[in-house]
Amino acid sequence: MIWHCKPFSELSTHTLYQLLKLRCDVFVVEQNCPYPELDGLDILPETRHLYAIHDNTIVAYARLLAKDDSYEDHTSIGRVVVAAQYRKEKIGHALIDQAIKQTFDLWPSTNIKIGAQFHLKKVYQSHGFEVVSEPYMEDGIEHCLMRLAY
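Here the structure is a predicted model, which means the values were calculated and not measured.

### Let's talk about the overall build of the protein chain
From N to C terminus, the protein chain includes three helices and eight strands. Secondary structure elements in the protein chain, listed N-terminal to C-terminal, are β-α-β-β-β-α-β-α-β-β-β. Computed over C-alpha atoms, the radius of gyration of the protein chain comes to 14 Å, within 12% of the 15 Å expected from 2.2 N^0.38 for 150 residues, which places it in the range of a compact globule. Dimensions of the protein chain, computed from C-alpha atoms along their principal axes, come out at roughly 40 × 35 × 30 Å. Taken across its 150 residues, the protein chain has 42% of its residues classed as buried. Sequence separation of 24 or more characterises 60% of the internal contacts of the protein chain that already satisfy a separation of 6 or more. Carbon and sulfur atoms make up 52% of the accessible area of the protein chain, which totals about 8200 Å². Taken as two groups, the 15 positive and 20 negative side-chain charges of the protein chain have centres that lie 4 Å from each other.

Below you can see the structure in the form of structure tokens.
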């Protein structure tokens, strides 16, 4: 498995298609959650697209957002997704580790805040995140805000 972390301007059209297909397959189709997937944050100059390739296929992805792009005074990690056929291989934990490392490397001394699906909070807690909000509904799915201190 090979990891990549690139700005939008460096993504090939083939890679961009694979990233968006994976995100839509999981977040819109699998989770039966129609929402505006293309929110304008993907193309911001500082946004980074972290993804893993295995056998010429993108198997995991996360979007890394610069300070203040999603949450005031915080960077953010979002759109965290692993292709269904690779979930039993614990790639999600490797993805979160890579996302944290890349985010702190890109924007040192800045805390990370995420809007995590509530049923996954223990996964994020195992990587050092702390719950900082009451549960709330977003696009029909229960979420909570979580923070990881630098």
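There is more to say, and it comes next.
### Things to note about helix α1 (residues 13-30)
An ideal rise of 1.5 Å per residue puts 26 Å on 18 residues; α1 measures up with 24 Å between its terminal C-alpha atoms. The largest bend along α1 measures about 30° and falls at Cys24. Tucked into the core, α1 has its buried residues touching β2 (48-54), β3 (57-65) and β4 (75-82). Asn32 lies just past α1 and shows a positive phi near 50°.

### Section: the packing of aromatic side chains
What the rule picks out here adds up to two aromatic pairs. Look at Phe104 and Tyr150: their rings are 5.0 Å apart centre to centre, the planes differ by 80°, and that puts the pair in the edge-to-face class. A residue pair is termed long-range when its members are at least 10 positions apart, and Phe104 in helix α2 (residues 91-106) and Tyr150 in the segment after β8 (141-148) qualify at 46 residues. A relative accessible area of 54% means that Tyr150 is categorised as exposed. Ring geometry for Tyr124 versus Phe129: centroids 5.8 Å apart, planes at 85°, classification edge-to-face. With respect to burial, Tyr124 and Phe129 carry one shared label: buried.

Cut-offs and rules
- Residues numbered from 1 in each chain as written.
- Predicted model: local features only at pLDDT ≥ 70, side-chain atom pairs only at ≥ 80, totals over all residues.
- Heavy atoms only, no water.
- Helix = DSSP H or I, 4+ residues; strand = E, 2+ residues; numbered from the N terminus.
- Rg over C-alpha atoms; globule rule 2.2 N^0.38 Å.
- Buried < 20%, exposed > 50% of the residue type's maximum accessible area, 1.4 Å probe, protein only.
- Contact = heavy atoms within 4.5 Å.
- Areas by Shrake-Rupley, 256 points an atom, 1.4 Å probe, with all protein chains shown as cover.
- Lys, Arg positive; Asp, Glu negative; His and termini not counted.
- Charge placed at Lys NZ, Arg CZ, Asp CG, Glu CD.
- Expected span 1.5 Å × (residues − 1).
- Bend = angle between axes of the 7 residues up to and from the residue.
- Phe/Tyr/Trp six-rings, centres within 6.5 Å; stacked < 30°, edge-to-face > 60°.

Interpretation in functional terms is not warranted from these geometric data alone.
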